[in-house]
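Take a look at the letters that make up each chain.
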Amino acid sequence: MRLDEQTPGHGLGLAIVHAIVERYQGQVHYTSSKVGGLTAVVVIPGSDRFGDRSDN
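Structure report, in brief. No experiment lies behind these values; they were computed from the predicted model shown.

What follows concerns the overall build of the protein. Across its full length, the protein holds 1 helix and 2 strands. Buried positions account for 5% of the 56 residues belonging to the protein. Intrachain contacts of the protein at a sequence separation of at least 6 include 6% that bridge at least 24 residues. Just so you have it, the protein exposes about 5,500 Å², and 55% of that area is on carbon and sulfur atoms.

Following this line, the structure appears as structure tokens:
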């Protein structure tokens, strides 16, 4: 969805994200807001916790 007719785009961004995440056997969860906008949470197998980085 475009914010206005002046904003270019074809709506492929989330489709590409979904295809990549599926390739790695992950999941994408979407939540939309009544006032507009979308939150996408990407889960890729192999990480135990969201935001966990063992190299820190």
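Position of S32 relative to the elements: it lies in strand β1 (residues 27-32). With residues up to four places along the chain from it excluded, the contact list for S32 reads G37 and L38.

Counted by the stated rule, this structure contains 0 aromatic pairs. Across the ring face of Y24, the terminal group of R23 is positioned such that the distance to the ring centre comes to 5.8 Å.

All right, on to a nonpolar patch on the surface then. A contiguous nonpolar surface patch, about 890 Å² in accessible area, is contributed by L12, L14, I16, V17, I20, Y24, Y30, L38, V42 and I44. Of all elements in the fold, only α1 (13-23) and β2 (38-43) reach the threshold of two or more residues within the nonpolar patch. In terms of residue count, the dominant contributor to the nonpolar patch is α1 (4 residues). Assignment of secondary structure puts Y24 in the loop between α1 and β1. A relative accessible area of 53% means that Y24 is categorised as exposed.

Once that is clear, we can look at the pairing of β1. Side-chain direction in a regular strand flips from residue to residue, so the side chains alternate between the two faces of the sheet. Of the strand pairs in this sheet, β1 and β2 are connected by 6 bridges, and their pairing is antiparallel. Residue pairing for β2: H29 is matched across the bridge by V41.

A separate point is unusual backbone geometry. The backbone phi angle of Q25 is positive, close to 60°, even though this residue is not glycine. Along the chain, Q25 falls in the loop between α1 and β1.

Criteria and cut-off values
Residues numbered from 1 in each chain as written. Predicted model: local features only at pLDDT ≥ 70, side-chain atom pairs only at ≥ 80, totals over all residues. Heavy atoms only, no water. Helix = DSSP H or I, 4+ residues; strand = E, 2+ residues; numbered from the N terminus. Buried < 20%, exposed > 50% of the residue type's maximum accessible area, 1.4 Å probe, protein only. Contact = heavy atoms within 4.5 Å. Areas by Shrake-Rupley, 256 points an atom, 1.4 Å probe, with all protein chains shown as cover. Phe/Tyr/Trp six-rings, centres within 6.5 Å; stacked < 30°, edge-to-face > 60°. Lys NZ or Arg CZ within 6 Å of the ring centre and 35° of its normal. Patch = residues over 30% accessible without salt bridge, like charges linked within 9 Å, V, L, I, M, F, W, Y side chains within 5 Å. Salt bridge = Lys/Arg side-chain N within 4 Å of Asp/Glu carboxyl O. Pairing = 2+ DSSP bridges.

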